[in-house]
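Here is what each chain is made of, one letter per residue.
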Amino acid sequence: MLKKLLTKSFLTRSISAVFLAAAALITLLAGGTITFAVITVISFIGLMELLRVYRIHKTWLGFGSYLIAAGYYGLLWMEQSRQGILQEYFPMLVILLIMLLMAVYVLTFPKFHAEQVMAAFFGVFYVAVMLSYVYQIRILSGGVILVWLVFLSSWICDTCAYLTGVTMGSRKLAPILSPNKSVEGGVGGVFGSFLFSVLFGVLFQESLRNVFENPALSCGIVGALGAVVSQIGDLCASAIKRNKEIKDYGTLIPGHGGILDRFDSVIFVAPAIYYLCIYLGRQ
């Protein structure tokens, strides 16, 4: 059992995870401009990785995606001083994105395939918009604490699922998409996330009483549901890689791959945690 855990791959992943955790700690505690800037950079790198899979990251289609993603983050930043501006102009951004991408499609026809146009549209929302919810949680009341539920639900779930899977896993969860994932690992990930989130709620119950009536229970529910969503997000990223026949989205993070390989679950978890905190809490 110990040999299964102490592999070179696991040690590399663990070292990278420590550095990522330290970077996340600094970024999220700092808040404000630093958190916004880091999330924006991560989003654009992730968007570039996805567009690269479809070979449009250095094309006019890619430029259209980057432009609208930049517009979205600009509105998100201005939301602090002018409440409602994002909601007011977001539909316009969506329409503009469609018009830009379709203009490139027809003016350069037949250079691009319809799949590439749809990937350019999809990427803005799948990566840029959904990752922005990390920052949006951070600026909520109690956000400096709530934002850590995103990483408890994704990274803790991932770690617990991995440890449970390599030691106890026997039944495949999604054999085609991810042969190494097991049902036991999935259950272990959810259970581990639930326990850590309950403990988190207990440790910070005084600070979270203005957010949740019962911090421990609420955090546990958020953590468990977030863990389920986390694994769906992970498998969705794997499905794209399977379709495009690639191993990783990049090589930026040793032992993990690219930004999308490490943040694939965070992409799904962040919006889920945001709305769970809104509806379960007193936001």
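Residues numbered from 1 in each chain as written. Predicted model: local features only at pLDDT ≥ 70, side-chain atom pairs only at ≥ 80, totals over all residues. Heavy atoms only, no water.

For the pair helix α3 (residues 32-53) and helix α4 (residues 60-78), interaxial distance at closest approach is 11 Å and the crossing angle is 160°. By the angle between their axes, α3 is roughly antiparallel relative to α4. In the crossing of α3 with α4, the sense of the turn from one axis to the other is right-handed. Contacts between α3 and α4 pair Gly 32, Thr 33, Phe 36, Ile 39, Thr 40, Ser 43, Phe 44, Leu 47, Met 48 and Leu 51 from the former with Gly 62, Ser 65, Tyr 66, Ala 69, Ala 70, Tyr 73, Leu 76 and Trp 77 from the latter. Residue composition of the contact of α3 with α4, by class: 12 nonpolar, six polar and no charged. (Axes fitted to C-alpha atoms, helices over the stretch in contact; angles between N-to-C directions. Helix = DSSP H or I, 4+ residues; strand = E, 2+ residues; numbered from the N terminus. Parallel < 35°, antiparallel > 145°, perpendicular 65-115°, else oblique. Left-handed = near helix turned anticlockwise from the far one by under 90°. Contact = heavy atoms within 4.5 Å. Nonpolar A, V, L, I, M, F, W, Y, C, P; charged D, E, K, R; others polar.)

Once that is clear, we can look at the pattern of salt bridges. The final tally for this structure, using the stated rule, is eight salt bridges. With its nearest N and O atoms 2.8 Å apart, the salt bridge here joins Arg 262 to Asp 158. A residue pair is termed long-range when its members are at least 10 positions apart, and Arg 262 in helix α12 (residues 259-280) and Asp 158 in helix α8 (residues 148-168) qualify at 104 residues. Arg 171 is paired through a salt bridge with Glu 184; the nearest N and O atoms lie 3.1 Å apart. In this pair, Arg 171 is assigned in the loop between α8 and β1 (172-174) and Glu 184 in helix α9 (residues 183-203), connecting sequence segments 13 residues apart. (Salt bridge = Lys/Arg side-chain N within 4 Å of Asp/Glu carboxyl O.)

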